[in-house]
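Coordinate inspection notes
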Amino acid sequence: MKKSFILIVSFAIVIGLFYTKLSMTLVSIGIFAAFIGTLAGGGGLITIPAMMLVGIPIQTSIATNKFSSGIAALSSIFYLLYHQELRLTSILKYVAVAISGGICGALLTVTISEKTMDIIACILLIFALFVTLKNREWTVSSEENDTKHNNRFWQPFLIAAYDGGFGPGSSTFSILHYLRYHYSYIKAVQLTRVLIFGSCTGAFLVFYQTGFIQWEYAIAMAVGSIIGSQLGLLVLPKIPIKAAKILLIVIISLLLIQVAIKII
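1. As for helix α12 (residues 241–263)
Taking 1.5 Å as the rise per residue, α12 with 23 residues should run 33 Å; its terminal C-alpha atoms sit 33 Å apart, in good agreement. Turning to α12, its buried residues are Ala 244, Lys 245, Leu 248, Ile 251, Ile 252, Leu 255, Leu 256 and Val 259.

Shown next, in the form of structure tokens:
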């Protein structure tokens, strides 16, 4: 495991040195955003504003974020399969549902104004904050049966559609969804990585047709996101449940503030 991580870091450094100073900046942004995003969601809270600050247009920022998030989530899936944390059959089901949701969400974005999406996001985030504060105890071990959860794929589909079309807080919503059905925090994060891979893949297929992808940005962000995602998975088992809940509340609050400011 340590050797694999060292190889990933070495590969990232080589690519980072090959690209421009801007791309090195994006590698760093990707690392930090993916690390936080893996543990509690809210990676878009960091990546999109940061890319816009360095002069990247909003459309390119969104498309780049979908690509890098999808690649990072894919690396997480390989990690989880290698360590036998998830079963391939479960992953394939969630990926199929999430890809279709991501495509639908990305297509729907064309017909809905950004302000409307901000209002929807604000309502959902308020609800997510209420649910998180209300649930005083999280499970340490998973009590949910995967077979029983198979009938609830419409909820992951809606989360994937939201992520594909807009995205703020989608990982957080997914984590809360699995916690609601008595998965442990660790398992909820793991399943969320699968869901985000599918939704980002579906959305990227749509956004790629728009021509907004700039590969020098996308590859740099993807490299950083892979490192950050792997770091998040390494740290995940060592995070106390109480600390995880506090982190989730902080991320939801920051997302809520960001969306509320855009509405105002």
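2. Regarding the packing of helix α5 (residues 88–109) against helix α8 (residues 154–165)
Where α5 contacts α8, the axes come no closer than 6 Å and their chain directions differ by 45 degrees. Considering their axes alone, α5 and α8 lie oblique with respect to each other. Where α5 crosses over α8, the handedness of that crossing is right-handed. Side by side, α5 and α8 meet where Tyr 94, Val 97, Ala 98, Ser 100, Gly 101, Gly 102, Cys 104, Gly 105, Ala 106 and Thr 109 of the first sit next to Pro 156, Phe 157, Ala 160, Ala 161, Gly 164 and Gly 165 of the second. Among the residues making up the contact of α5 with α8, the classes are represented as nine nonpolar, seven polar and no charged.

3. Considering the pattern of salt bridges
Counting across every chain of the model gives one salt bridge. As a salt-bridge pair, Lys 66 and Asp 163 come within 3.4 Å of each other at their nearest N and O atoms. Pair noted here: Lys 66 is in helix α4 (residues 58–82) and Asp 163 is in helix α8, with a separation of 97 residues, a long-range link. Take Lys 66 and Asp 163: they sit in the same class, and that class is buried.

4. Looking at the packing of aromatic side chains
Inspection of every chain in the model, using the stated rule, returns eight aromatic pairs. Between Phe 67 and Phe 204, the ring centres sit 5.4 Å apart and the planes meet at 45 degrees, which makes this aromatic pair tilted. Residue Phe 67 is found in helix α4, and its partner Phe 204 is found in helix α10 (residues 185–207); the two are separated by 137 residues along the sequence. By relative accessible area, which is 16% here, Phe 67 ends up buried. Look at Phe 204 and you get buried, because its relative accessible area is 15%. Ring centres of Phe 67 and Trp 215 lie 5.2 Å apart, and the angle between their planes is 85 degrees; on these two criteria the pair is classed as edge-to-face. Linking Phe 67 in helix α4 with Trp 215 in helix α11 (residues 215–235), this pair joins segments that are 148 residues apart in sequence. Counting every residue linked through ring pairs, the aromatic cluster contains Phe 67, Phe 204, Tyr 208 and Trp 215.

5. A word on the packing of α5 against α10
Put simply, α5 and α10 touch, their axes get as near as 7 Å, and they point 40 degrees apart. It follows from the interaxial angle that α5 and α10 lie oblique. Crossing hand, α5 versus α10: right-handed. Only Leu 191, Val 194, Leu 195, Phe 197, Gly 198, Ser 199, Thr 201, Gly 202, Ala 203, Leu 205, Val 206 and Phe 207 of α10 make contact with α5, whose side of the interface consists of Ile 91, Tyr 94, Val 95, Ala 98, Ile 99, Gly 102, Ile 103, Ala 106 and Leu 107. Partitioned by chemical class, the residues of the contact of α5 with α10 number 16 nonpolar, five polar and no charged.

Reading the values: the criteria
- Residues numbered from 1 in each chain as written.
- Predicted model: local features only at pLDDT ≥ 70, side-chain atom pairs only at ≥ 80, totals over all residues.
- Heavy atoms only, no water.
- Helix = DSSP H or I, 4+ residues; strand = E, 2+ residues; numbered from the N terminus.
- Expected span 1.5 Å × (residues − 1).
- Buried < 20%, exposed > 50% of the residue type's maximum accessible area, 1.4 Å probe, protein only.
- Axes fitted to C-alpha atoms, helices over the stretch in contact; angles between N-to-C directions.
- Parallel < 35°, antiparallel > 145°, perpendicular 65-115°, else oblique.
- Left-handed = near helix turned anticlockwise from the far one by under 90°.
- Contact = heavy atoms within 4.5 Å.
- Nonpolar A, V, L, I, M, F, W, Y, C, P; charged D, E, K, R; others polar.
- Salt bridge = Lys/Arg side-chain N within 4 Å of Asp/Glu carboxyl O.
- Phe/Tyr/Trp six-rings, centres within 6.5 Å; stacked < 30°, edge-to-face > 60°.

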